[in-house]
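# Structural features, examined
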Amino acid sequence: MPLKKFYIISLAIVLGIFACKPHSHPDKKIFSYNESSGITSLDPLKATNLSNIWAVQQIYEGLLYIDSIGNLQTLLVNEWKVNDSLNLYLFTIKQDVYFQDDVCFNGKRKKMTAFDVIYSYQRILRSSASWVLKNIEIDSVMNAPMIEAVDSFHLIIHLKNPSSTFPQMLAMPQCGIVPKEAVDYYGKD
């Protein structure tokens, strides 16, 4: 009986070693992530359950984030300012942030700008995640959110109602900044 147990244990160890070899896909970029309940989407707009939220937070970044003790911190911005009425926010975007190199950028390095933030926020406002940015003013003539780029690295957001907590909303996982080029190139993928 002990010899049979030895063979079974040895076989299990050998199979375990071979089962754990790394996958080789030279034509693909692979992100390995252990999530037992499954990930249904890596799109920040679809970060609606913990599995998706955790994965999205590993891939995308927003202008701000909430640290481990609950304090709001800058991430993709150097600073932000708000007017006395709490309805106009000015963000100064970091100038040394680049998106991951990808074929969707035609082999060029893509710097993140205020226009990427505007695109991302407009995309949110057209989705089921619009509740995150529902306080952004909509221009009645243009029927567009009042988010304006002063230049490539300065962004102004107008709010419908005064809010001291608006920056915390920008730390939500749905507010991860995505480049239009990637969304156009990959579509639903």
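To keep things clear, this report deals only with the structure shown in the data block.

Basis of the calculations
Residues numbered from 1 in each chain as written. Predicted model: local features only at pLDDT ≥ 70, side-chain atom pairs only at ≥ 80, totals over all residues. Heavy atoms only, no water. Buried < 20%, exposed > 50% of the residue type's maximum accessible area, 1.4 Å probe, protein only. Helix = DSSP H or I, 4+ residues; strand = E, 2+ residues; numbered from the N terminus. Pairing = 2+ DSSP bridges. 1 Å grid on protein atoms, 1.4 Å probe; cavity = no way out; pocket = protein on both sides within 12 Å on 5 of 7 lines; lining within 4 Å. Points joined across faces, edges and corners; volume = space filled by probe spheres on them. Nonpolar A, V, L, I, M, F, W, Y, C, P; charged D, E, K, R; others polar. Polar contact = N/O pair within 3.5 Å; in protein donor to acceptor, adjacent residues only side chain to side chain. Contact = heavy atoms within 4.5 Å. Axes fitted to C-alpha atoms, helices over the stretch in contact; angles between N-to-C directions. Salt bridge = Lys/Arg side-chain N within 4 Å of Asp/Glu carboxyl O.

All right, on to the pairing of strand S8 (residues 154-158) then. By the criterion of burial, S8 is predominantly enclosed, with four of the five residues buried. Both strand S4 (residues 88-93) and S8 contribute to a ladder of five bridges, which runs antiparallel. Each bridged residue has a counterpart across the sheet, and for Phe91 the counterpart in S8 is Leu155. Pairing of strand S7 (residues 147-151) with S8 involves four bridges; the strand directions are antiparallel.

Here the largest pocket defines a volume of roughly 1300 Å³. As for the largest pocket, its lining consists of 33 residues, of which Ile59, Tyr60, Asp102, Ala182 and Tyr186 are closest to the centre. Elements represented by at least two residues in the lining of the largest pocket include exactly helix H2 (50-59) and helix H5 (180-186). With three residues, H5 is the single largest residue contributor to the lining of the largest pocket. Estimates place the volume of the second largest pocket at around 290 Å³. Those elements that provide at least two residues to the lining of the second largest pocket are H2 and strand S1 (64-66). Looking at the lining of the second largest pocket, the element that brings in the most residues is S1, giving three residues. Among the residues forming the lining of the second largest pocket, the class breakdown is 11 nonpolar, four polar and one charged.

With that out of the way, let us pick up the side chain of Asp116. Structurally, the position occupied by Asp116 is in helix H3 (residues 114-125). Residue classification places Asp116 among the buried positions, given a relative accessible area of 5%. Within polar-contact distance, the side chain of Asp116 engages the backbone nitrogen of Thr113 at 2.9 Å. With residues near it in sequence (within four places) discarded, Asp116 still touches Phe99, Lys110, Lys111, Ile177, Val178, Pro179, Lys180 and Glu181.

Spatially, four strands are ordered S3-S4-S8-S7 in an open sheet, and the strand pairing comes out antiparallel. Edge strands, defined here as strands with exactly one partner in the open sheet, are strand S3 (77-82) and S7. The sheet shows a mean angle of 20 degrees between the axes of neighbouring strands, taken without regard to direction. Inspection of the sheet shows S3 paired to S4 by five bridges, in the antiparallel sense. The residue bridging Trp80 from the neighbouring strand is Phe91, located in S4. Together, S4, S7 and S8 form the strand contacts of H3, whose direction differs from that of S7 by roughly 175 degrees.

Before going further, it helps to spend a moment on the pattern of salt bridges. In total, this model carries five salt bridges according to the counting rule given. Of the charged contacts, one joins Lys81 and Glu79 as a salt bridge, the two residues approaching to 4.0 Å between their closest N and O atoms. Residue classification places Lys81 among the partly exposed positions, given a relative accessible area of 48%.

Honestly, it's all geometry; don't read function into it.
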